[in-house]
Amino acid sequence: RLAWDFIEEIGLPALRREYAQLHVSGSYYGLFLDLEHPDERYLRRTGLDPGGNLYKAKEVPREFGLNPPPDPGVSEKEPGTYPESWEEETNKGGDFSDIEEFVGSMHLDGFTAPSREFWESRTYPELMIGFQLAQVVLNNFDSAIKNLFLYHDFVQDRWALLTWDMDLIVGKWFFLGAVDLAEMG
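If you're wondering where the values come from, they're calculated on a predicted model, not measured in any experiment.

Draft legend 1. Local environment of the overall build of the protein chain. Across its full length, the protein chain carries five helices and six strands. For the protein chain, the sequential pattern of α-helices and β-strands runs α-β-β-α-β-β-α-α-α-β-β. Split into buried and exposed, the 185 residues of the protein chain put 37% on the buried side. Total accessible area on the protein chain is roughly 11400 Å²; 56% of this is exposed by carbon and sulfur atoms.

Next up, the structure:
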């Protein structure tokens with residue numbers, strides 16, 4: 001919750017959140033964080049156009065230990081393959097042509113990386129910089145490949161990265177050796 005409070009405090013779109021105590025058959029089960037579902041209502045509430053496309057980055061299924069690691073969702077892909085790396089949260093049933101065009105243009109601009117002009121004309125720079133700042137400050141290990149949103153505002157024809165899953169922040173790492181499964185019984 002503190003991480004989401006930080007996201008909101010620095011002026012970025014943040015999910016509504018509240019603690020929820022769960023009781024099952026009269027027995028206390030635990031304290032959980034209930035997060036708002038990111039959809040058109042979330043976009044409207046945070047001042048973004050609810051008619052825009054909101055895509056959730058997802059990691060392509062793979063076997064543990066497989067090398068090389070998966071490509072980030074913003075890696076250029078073959079046309080028609082973007083649904084393997086991105087999931088629609090709004091405007092479901094689309095053709096992914098906008099994200100294909102954006103990512104393709106990003107890779108065509110500049111020599112080795114997109115130019116400053118690309119980012120200034122095609123994105124909301126304040127949201128992009130804020131997203132990066134938040135990920136670094138919170139040490140969000142899990143945001144490089146998945147667990148983030150890419151939002152496309154059709155009215156302004158601009159894009160932004162938005163925060164999603166923050167279960168691996170502040171030094172919490174996930175890898176197979178992090179937990180001794182034998183001890184867990």
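Draft legend 2. Examining a nonpolar patch on the surface more closely. Together, Tyr19, Tyr28, Leu31, Leu33 and Leu35 make up an exposed nonpolar region whose accessible area comes to about 490 Å². Looking at which element gives the most residues to the nonpolar patch, the answer is strand β2 (residues 27-35), with four residues. Tracing the backbone through its elements, the reader meets leucine 31 in strand β2.

Draft legend 3. Here's a closer look at the packing of aromatic side chains. Within this structure, the stated rule accounts for six aromatic pairs. On the numbers, 5.4 Å between centres and 35° between planes, the contact of tyrosine 55 with phenylalanine 96 is tilted. A residue pair is termed long-range when its members are at least 10 positions apart, and tyrosine 55 in strand β3 (residues 53-57) and phenylalanine 96 in the loop between β4 (86-88) and α3 (97-108) qualify at 41 residues. Taken individually, tyrosine 55 and phenylalanine 96 each receive the classification buried, so the pair is uniform in this respect. By the ring-pair criterion, three or more aromatic residues cluster together here, those being Phe102, Phe118, Trp119 and Trp159.

Draft legend 4. Representation of the pattern of salt bridges within the structure. Summed over all chains, the structure comprises seven salt bridges. The partner of arginine 45 in a salt bridge is glutamate 36, with the nearest N and O atoms 2.6 Å apart. The buried category is assigned to glutamate 36, whose relative accessible area is 16%. Within this structure, Arg1, Asp5, Glu8 and Arg17 form a network of salt bridges that share partners.

Draft legend 5. Up close: the nonpolar core. In this structure, Ile7, Leu54, Leu162 and Met166 are the most contacted members of the largest nonpolar core, which totals 20 residues. The set of elements that each furnish at least two residues to this core consists of α1 (2-9), α2 (40-45), α5 (125-137), β5 (148-153) and β6 (158-163). When residues in this core are grouped by element, the largest group, three residues, is from α1. When near neighbours in sequence (up to four residues on either side) are disregarded, leucine 162 contacts Pro13, Tyr42, Leu48, Leu54, Phe131, Leu148, Phe149 and Tyr151. By size, the runner-up hydrophobic cluster in this structure holds 16 residues, among which are Ala57, Phe131, Trp159 and Leu161.

Draft legend 6. Structural detail: the pairing of β2. Of the pairings in the sheet, the one linking strand β1 (residues 17-24) to β2 comprises eight bridges and is antiparallel in character. By the bridge assignment, histidine 23 is partnered in β2 with tyrosine 28. If you look at the hairpin formed by β1 and β2, you'll find two residues sitting between the two strands, and serine 25 has a positive phi there, around 50°.

Criteria and thresholds
- Residues numbered from 1 in each chain as written.
- Predicted model: local features only at pLDDT ≥ 70, side-chain atom pairs only at ≥ 80, totals over all residues.
- Heavy atoms only, no water.
- Helix = DSSP H or I, 4+ residues; strand = E, 2+ residues; numbered from the N terminus.
- Buried < 20%, exposed > 50% of the residue type's maximum accessible area, 1.4 Å probe, protein only.
- Areas by Shrake-Rupley, 256 points an atom, 1.4 Å probe, with all protein chains shown as cover.
- Patch = residues over 30% accessible without salt bridge, like charges linked within 9 Å, V, L, I, M, F, W, Y side chains within 5 Å.
- Salt bridge = Lys/Arg side-chain N within 4 Å of Asp/Glu carboxyl O.
- Phe/Tyr/Trp six-rings, centres within 6.5 Å; stacked < 30°, edge-to-face > 60°.
- Core = buried A, V, L, I, M, F, W, Y, C linked by side-chain atoms within 4.5 Å.
- Contact = heavy atoms within 4.5 Å.
- Pairing = 2+ DSSP bridges.

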